[in-house]
Amino acid sequence: MTQSQLLALLPILFTSLTVILVISSIAIKRHHQFNATFSVIGLNLALLSCGVSYWVGPQLVTPLLIVDGYAYFYMALVLTTALATATLLHAYMEGYKGHKEEVYLLLSLSALGGLIVVCSRHFASFFIGLELLSVPLYGLIGYLVKERRSLEGSMKYLVLSAVASAFILFGMALIYSQLGTLGFAEIGGRIAGQTGNARTVLLLGGAMLLIGIGFKLSLVPFHMWTPDVYEGAPAPVAAYLATASKVSVFAVLLRYFVEAKAYSYPELLDVLTIIAILSIVVGNILALQQDNIKRLLAYSSIAHFGYLLVAFIAGGPLATESVGVYLLTYVVTTLAAFGVVTLMSSPYGNHDADTLWDYRGLFWRRPYLTAILTTSLLSLAGIPLTAGFIGKFYAVAAGVEERRWLLLAFLVGGSAIGLYYYLRAMVQLYLRAPWVRRYSAPLDWAQGTGGAMVIALMVLMLVLGIFPAPFITLIKAAGLN
Amino acid sequence: MILVWLLLIPFVGGFLSWQGERFGRRFPRWVALATMSLVLLLSLQLWLTGDYTLTFLGPKGRWVEEFNVPWIPSLGINFHLALDGLSLLLIVLTGLIGVLAVACSWNEVQRNVGFFHLNLLWNLGGVIGIFMAMDLFLFFFFWEMMLVPMYFLIALWGHNAPGGKGRVFAATKFFIFTQASGLLMLLSILGLVFVHKAATGRYSFDYADLLNTPMSSAVEWWLMLGFFVAFAVKMPVVPIHSWLPDAHSQAPTAGSVDLAGILLKTAAYGMLRFGIPLFPHASLAIAPVAMWLGVLGIIYGAVLAYSQTDIKRFVAYTSISHMGFVMVGIYAGTEQALQGVVIQMLAHGISAGALFILCGEMYERLHTRDIREMGGLWSRIRYLPPIAMFFVAASLGLPGLGNFVGEFLILVGTYKVEPVIAIFSSSGLILAAVYSLFLMQKAFHGPAKSPEKLADLNGRELTTMLSLVAILLFLGLYPQPIFDLSRAPMAAVQKIYGVEKPASAEIAPIVTGEAQ
C-alpha cells in the first residue's frame, strides 16, 4: 500500500481509531462528557482529513475501495451528519438515567460503515459497509430499553433490515453467477453482451438488489417500517437514520448505476419510475393526517426520496450534480428539523415531545427554536430563500433536461400536497394555545452546544438557499468521472 | 445600485421592525412607515430622473436602470435587476400601497406588531423583486418567496369570519393554489432554458438571452401554458379564482390591501413582461381564449359580487371582475388597450385598496362585515359614507376617475380587434353600476339600525383616504404622466402583436396621438 493510498484512507482510519479509543475510554472510566468529547474529536479529525483530497488524486485502494472526489464529498457529508448527531445525542442523553456512553461508540461504528459504503466499488465492500452501517443502528434505535416504542422500533428495524440484506446478498449472487465478478466497473464491462437467459437472471439480480436498497432508502412499497421506527427511535437517532444511512446508500447506488452501466437497462429504470411515483404519492398522502411530527418527517422523507429519484432516473449530465445538491440540502434541513425535536424532547427524560400538540404555540415560549423549525419546514416544502428550494430546483432541472414529464407531473402534484402538511405543522407553532402564557424559556446550558448546532444549521439552510454557488462548485468538483 | 437599495430597504426595514418590538409597539410601526415612505420616495426620484423612452424591447434595446452580477455561474443564473416605465409604475404603486397598509393596521394589529411588520415588509420586498427581476430564476425566486409572508399575514392576523372555514384554511388554500401553479411555471422556465441550451450550447436564465429562442410551435405552446396557468391563478381568472374570496374575507385589512392592490398585479405584469414577449406566437394563438376567460371573469365576478353579504367578499368579487378587464386588455394587444391596462391596474389597486381599508374601518366600528347588519350608516357617521361613495363610484367607472380611463381605453382598444368581446365586456360596466349602487343602498342608506352615533374617521384615516381620493382624481383627469411612462414598454408589447397580426398595426393609437 502506497503512501498516497494511506493518505486517501485517512478519514476511514481516523474513524476506526475513534471507535477503538471510545471503547477503551468507556472501559477505563464512564464519563459522559469525556467519552462524548473523544468521539467528537475523532470524527472531527476524520472530517478534516477529507481535505486531503485536495492534494491526493483519486486512489484505488485494493479492488474494493475507491477514494475519489465523489467519495470525499459523501464521506464529508456522512461525517458531518454523525457529528451533528453526536452533538444532539449529547444534549438528548443528559436527562437519561441509564448508561449513556455507548451511544457514541455505536454512532462512530455506524459512521464507519457509512464511509465504507460510500467508497465501495465492489459488492463485497458494499455489503460489509452496509452491515456495519445498519447493525449499530439496531442498538441505537432501541437504546432507551425501558421505552416500549423504542424497543418495538428496534425489533422492526432488525427484522426488516436483515431481510433487506438477504435480498441484496441474493441479488449479488445472481449477478455473480452470470458474470463471475463483483466489481462495479467489471460488471459494467461484461454486462453489455449478455442476452437470453443470462440477461433474465441479471435483471432478476438487479431487481433483488433494488428491493433491498428500497428497504434501506424506505421507498414505497418497502417503506412500512419507516414511520414506526422513526417514531420509536430517540430523536437524534431518527435524524441519523433519515440522513446518513440513506445518503450513503443512495450515493453508492448512483455510483453502481453509472459504473455498472445499469442505465442501459430500461426495465430497471421503468421499475424505478414506478417506485418513485409511488413514493411521492404514498409518502405525501400518508403524511397528510399525521399528528406526530416524527411520523410526519418519516413520510416526508419517503416523498423526498421519491423526488430525488426523479433526478436519479433522469441520469443526464446534470444528474450527479443534482443528486449531490439535493442530498446536501435534504441533510441540512432534516438535521435541523430533528434537531429541534431533540432539543424539545431532551428535558422530558424518556418520552419525546413528538405530537404536534407539544409544539402548539411554541413561538410564544421559544422563538428561536420556532424560527429554526419554521425554516426547516419551509425548506422541506422547497420554498425560496431556503436550501430546499435549490434542491428541488435541481431535481426539476435534471428531470426537464431528460424530458421525464410523467415524473415531473407527480413531483409538482406531490409538492402541492406536501405544502398542506408542512403548513399545517408550521402554523401550529404560532397559534396561541389557550393555556400557554407568553414567556421566553431560558436556554438550558446542557443544550448549549445542541442549540448552537441547530442555529448553525439554520444559517446554513439560508446560505444554501441564497448563495449556493460555492457549494455547487464543490459538488461539481466531486462528480463521478 | 439604486435598484438594489430599492429591493433591500424593505427587507432590512422588516428585520428592524421585528427586532424593534422590544422598544414598544409603536416603534415597529414607525420603522415600517419610514421604510415604505423611503421606498416610495426613492421610486418617485427614479421617476423624475430617468429617461423612460427606454425599454429593453424598444428600439434602443436598453433598460432605464440595470444591475447585473453573477449569482450561480455554473447554471448561467445572474442576479439581474432592471427597470423600465412599467416596472417603475408598479413599484411606485407598491410603495404607496405599502404606506397605506402600514397606516391602516396602526390600530387594527395589536398582537406581535413587530413580526406582523416583518411579514408585511418582506412581502412587499418580494413584490418589488418581481417587478425588477430580469433573470427567470430570480423572478421565480421572488414569485414564490413572497407567498410565505402573505401566508403568515392571513393565518396569524386574519379573522375567522363567521360561516367561513377559518383563516388557516384560507391561507393554506392561497398558498397551495399559487405554489402549485408556480411549479408549473418553473417547469416551463426550465424547459425554455434547455431549449435555449440545445440551440446555443450554454445555460442561461437571462431574459435577454431567452427572448427569441427558436423552438417548434408545439414546444412554444406547452411552455407558454406553464406561464399562463401560473399567472391566471394569481390574476385570478375565473375557473381558478376560488382562493381569492376566501383569502380576502379572512385576511387582515393590510393583507387585503396588499393582495388586491399589488399581488394581483404581479400576474398582469408577468404576462406583459414574460408571457407574451417570450412566447409571441403561442400567446397570439391563445389570445381569443384568454379574452373570453376575461369576459367570463368580468361577468361572473360582477354577478357574484351582487349576491354577497360579506362586504370583503363583495370587494373581492369586484376585483375579479375588474381584473377581467385587465386580462381582456392584455390579450387584445392594441396600444390603447395596453395603456388602458396600465391605468386600470393602478386605479384598481388604489380603489380596491381604499375599499378594503374602508371595510376595515367599518369593521372596527360596527364589529361586523355583514351588509345586512349595516344600513343607514349615512346618518351615523359623518365622513366615512361620502368617502365610501367616492370609491364605490370609482369602482363602477365614473368618468373623471382613474378606473374610467382604464376601462374605457381597454374597451376602445379591444373593439378594434374583437368587437364582440368588447361588447360583452362593456356589460361589466353596467353590472358594476348595479352592484355598487346596491351596496350603497344597503349599507349606507335606508333606516338606521340604531340611532347611536359612531366614532368618525380620525386624522390618520382621513389623511390616507383623502390622499387616495386625490390620486384617483389625478389618474382620471390627467393621466398623461402615466402614459408617458408606460408608452415605451407598451408600444414594445404591442409591436409583438403588430408583427404577428399586421391588420392591427394600422390603427393610429389615440393615446400617443394625444401625447405628441
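Everything here concerns the structure above.
Residues numbered from 1 in each chain as written. Chains lettered and ligands numbered in written order. Predicted model: local features only at pLDDT ≥ 70, side-chain atom pairs only at ≥ 80, totals over all residues. Heavy atoms only, no water.

Colleague: Can you tell me about the pairing of strand β2 (residues 77–83) of chain B, naming the residues and giving the values?
Modeller: Residues and elements named next belong to chain B. Taken across its seven residues, β2 has five buried, putting it largely inside the fold. Relative to β2, strand β1 (residues 65–72) is paired through seven bridges, and the arrangement is antiparallel. What sits directly across from E65, in β2, is L83. The turn joining β1 and β2, which pair antiparallel and follow one another in sequence, is formed by four residues; a positive phi near 70 degrees is taken by G76. (Buried < 20%, exposed > 50% of the residue type's maximum accessible area, 1.4 Å probe, protein only. Helix = DSSP H or I, 4+ residues; strand = E, 2+ residues; numbered from the N terminus. Pairing = 2+ DSSP bridges.)

Colleague: So what about the interface of chain A and chain B? Which residues, and what values?
Modeller: Of the residues lining the interface, 39 residues belong to chain A; the matching set on chain B comes to 37 residues. Of the roughly 3,300 Å² buried between chain A and chain B, counting both surfaces, carbon and sulfur atoms make up 82%. Looking only at chain A, the three residues that lose the most surface to chain B are F393, V412 and L423 of chain A, adding up to 17% of its buried area. For the pair chain A and chain B, the interface holds one salt bridge. Two residues, E401 of chain A and K197 of chain B, come together in a salt bridge whose shortest N-O distance is 3.9 Å. At the boundary of chain A with chain B, the tally comes to two residue pairs in polar contact (both at pLDDT 80 or more). Listing elements by their share of the side of chain A that touches chain B, those giving two or more residues are α16 (367–381), α17 (387–401), α18 (405–428), α19 (448–466) and α20 (469–477) of chain A. (Contact = heavy atoms within 4.5 Å. Buried area = accessible area lost by both parts, 1.4 Å probe. Salt bridge = Lys/Arg side-chain N within 4 Å of Asp/Glu carboxyl O. Polar contact = N/O pair within 3.5 Å; in protein donor to acceptor, adjacent residues only side chain to side chain.)

Colleague: With reference to specific residues and values, describe the nonpolar core.
Modeller: Nonpolar side chains tend to gather and get buried jointly when the protein is soluble and globular. In this structure, F126 of chain A together with Y331 and F391 of chain B are the most contacted members of the largest nonpolar core, which totals 385 residues. Not counting chain neighbours up to four residues away, the residues in contact with F126 of chain A comprise V117, S120, I168, M172, F184, L209, I213 and V252 of chain A. (Core = buried A, V, L, I, M, F, W, Y, C linked by side-chain atoms within 4.5 Å.)

Colleague: Talk me through the pattern of salt bridges; I want residue IDs and the actual numbers.
Modeller: Any two side chains of opposite charge can pair, on the condition that their charged atoms come close. The full count for this structure, using the stated rule, is 23 salt bridges over all chains. The closest approach of N and O atoms between R148 of chain A and E152 of chain A, which form a salt bridge, is 3.3 Å. Here R148 of chain A pairs with E152 of chain A, and both are found in helix α7 (residues 148–179), just four residues apart, close to one helical turn. Linking D209 of chain B and R202 of chain B is a salt bridge whose minimum nitrogen-to-oxygen distance equals 3.4 Å.

Colleague: Outline the environment of W47 of chain B, supporting the account with residue identities and numerical values.
Modeller: Residue and element names in this part refer to chain B. Mapped onto the fold, W47 is located in helix α2 (residues 26–49). Along the primary structure W47 and L88 are separated by 41 residues, whereas in three dimensions their C-alpha atoms are 7.2 Å apart. Not counting residues within four places of it along the chain, the set of residues in contact with W47 comprises Y52, L88, L89, V92, P481, I482 and L485.

Colleague: Provide a residue-level description of the side chain of R380 of chain B, including the pertinent values.
Modeller: Residue and element names in this part refer to chain B. In this fold, R380 is placed in the loop between α14 (335–366) and α15 (384–395). Here R380 occupies a buried position and makes no salt bridge, while the nearest side chain of opposite charge, E452, is found at 4.6 Å. In this structure R380 touches L366, A448, K449, S450, E452, K453 and L454, once residues within four positions along its chain are discounted. (Lys, Arg positive; Asp, Glu negative; His and termini not counted.)

Colleague: Give me helix α9 (residues 196–217) of chain A: which residues, what numbers.
Modeller: Its 22 residues place the ends of α9 of chain A 31 Å apart at the C-alpha level, agreeing with the 32 Å of an ideal helix rising 1.5 Å per residue. Directly after α9 of chain A, the chain includes S218 of chain A, whose backbone phi takes a positive value near 50 degrees. (Expected span 1.5 Å × (residues − 1).)

Colleague: Go over the packing of helix α14 (residues 319–345) of chain A against α20 of chain A with me, naming the residues and quoting the values.
Modeller: All names here are of chain A. Where α14 contacts α20, the two axes come as close as 9 Å, and the packing angle between them is 130 degrees. On the basis of the axis angle, α14 is oblique to α20. Crossing hand, α14 versus α20: right-handed. Contacts from E321, G324, V325 and L328 in α14 reach F471, I472, I475 and K476 in α20. (Axes fitted to C-alpha atoms, helices over the stretch in contact; angles between N-to-C directions. Parallel < 35°, antiparallel > 145°, perpendicular 65-115°, else oblique. Left-handed = near helix turned anticlockwise from the far one by under 90°.)

Colleague: Kindly report on the state of the cysteines, identifying the contributing residues and their values.
Modeller: One pass over the full model with this rule turns up zero disulfides over all chains. Not part of a disulfide, C50 of chain A finds its nearest cysteine sulfur in C119 of chain A, a span of 8.7 Å. This cysteine, C359 of chain B, is not joined by any disulfide, and C104 of chain B carries the nearest cysteine sulfur, 11 Å off. (Disulfide = S-S within 2.5 Å.)

Colleague: Could you give an account of the environment of P385 of chain B, with specific residues and numbers?
Modeller: Positionally, P385 of chain B belongs in helix α15. For P385 of chain B and A155 of chain B, which are 230 residues apart along the polypeptide, the C-alpha to C-alpha distance reads 30 Å.

Colleague: If you had to explain a nonpolar patch on the surface to someone new, which residues and values would you point to?
Modeller: All names here are of chain A. A grouping of I455, V459, L462, V463, I466 and F467 is seen on the molecular surface, where their side chains present a nonpolar patch of about 460 Å² in accessible area. Relative to the elements of secondary structure, L462 occurs in helix α19. In this structure L462 comes out as partly exposed when scored by relative accessible area, which is 31%. (Patch = residues over 30% accessible without salt bridge, like charges linked within 9 Å, V, L, I, M, F, W, Y side chains within 5 Å. Areas by Shrake-Rupley, 256 points an atom, 1.4 Å probe, with all protein chains shown as cover.)

Colleague: I'd love a proper account of the packing of aromatic side chains, names of residues and values included.
Modeller: Pairs of aromatic rings are described using the distance from one ring centre to the other and the angle between the two planes. Taken as a whole and judged by the stated rule, the model has 63 aromatic pairs over all chains. Aromatic pair F393 of chain A and F205 of chain B: ring centres 5.8 Å apart, planes at 45 degrees, arrangement tilted. One end of the pair, F393 of chain A, is in helix α17; the other, F205 of chain B, is in the loop between α7 (167–200) and α8 (207–210), on a second chain. Each ring, one from F174 of chain B and one from W243 of chain B, has its centre 5.4 Å from the other, and the planes form 55 degrees; the classification is tilted. Linking F174 of chain B in helix α7 with W243 of chain B in helix α10 (residues 243–250), this pair joins segments that are 69 residues apart in sequence. The exposure class of F174 of chain B is buried, given its relative accessible area of 0%. Taking relative accessible area as the criterion, W243 of chain B reaches 0% and is therefore assigned buried. The rings of F389, F393 and Y394 of chain A together with F67, W71, F79, F137, F140, F141, F142 and F205 of chain B are connected pair by pair, giving a single aromatic cluster. Over the ring of W143 of chain B we find K234 of chain B, and its NZ or CZ is 4.0 Å from the ring centre. (Phe/Tyr/Trp six-rings, centres within 6.5 Å; stacked < 30°, edge-to-face > 60°. Lys NZ or Arg CZ within 6 Å of the ring centre and 35° of its normal.)

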